[in-house]
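# Notes for the structure review
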Amino acid sequence: MSAEIAKDDPRPESEQAADILRQEILRGDIKPGGHVGSVRDLGTRFKISGMTVQRALAILREDGLILTTSRGSYARDPEQAAEAGEADAGGLPEVLRQLEHLTSQVSELRGRVEALESRSVPGGA
């Protein structure tokens, strides 16, 4: 689990982070059902923003390698994920994945708005 984001890699940081996590899931470093890590922890680990971590997790969700719930993101069994990916091609499961992605983006934006609202404006303006 020591791979790092390469600044000289032409791929976006989100793709690099997704690739690192993908390899950890496929190698079994992150076991099926195991917690992938919080957005904050992964951001610290990879030295990337929370939004970039969210994009990386979205890539892994689209690949069927993780499942995200209100409690975090968890690795799926790679073999079952591949089988589910074949069975779920298109239709309602794809809509649900997109909805899950949009929900995580709304959550991220809500956090940003709350942070902006909590800032005090000097001089009462």
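Now for a quick tour of the structure. Sequence order sets the numbering: in each chain, residues are counted from 1 along the sequence as written. At least 70 in pLDDT is required for a residue's local features to be given in this predicted model, at least 80 for side-chain atom pairs to be given and counted, and no such filter applies to totals for whole chains, interfaces and linings, which use all residues. With hydrogens and water stripped out, all remaining heavy atoms of the structure feed into the side-chain values.

## Here we look at the overall build of the protein chain
Condition: Put simply, DSSP marks the helices as runs of H or I at least four residues long and the strands as runs of E at least two long, and each gets a number from the N terminus on. To sort residues, take the accessible area from a 1.4 Å probe on protein chains only and compare it with the maximum for the residue type: under 20% means buried, over 50% means exposed, and anything in between is partly exposed. Any two residues having at least one pair of non-hydrogen atoms within 4.5 Å are treated as being in contact.
Summing up its helical and strand segments, the protein chain has 5 helices and 2 strands in all. The order of α-helices and β-strands along the protein chain, N terminus first, is α-α-α-β-β-α-α. Here the protein chain holds 125 residues, and the buried ones make up 30% of them. Counting only contacts in the protein chain whose residues sit at least 6 apart along the sequence, the fraction spanning at least 24 positions is 59%.

## A closer look at the nonpolar core
Keep this limit in mind: Residues belong to a common nonpolar core when they are buried Ala, Val, Leu, Ile, Met, Phe, Trp, Tyr or Cys residues joined through side-chain atoms within 4.5 Å.
Leu21, Leu42, Phe46 and Leu57 are the most contacted members of the largest nonpolar core, which has 18 residues in total. Looking at this core, the elements with two or more residues in it are α1 (13-27), α2 (39-46) and α3 (50-62). When residues in this core are grouped by element, the largest group, 5 residues, is from α1. What Leu21 contacts, discounting residues up to four positions off in sequence, is Ile30, Val36, Leu42, Arg45, Phe46, Leu57 and Leu60.

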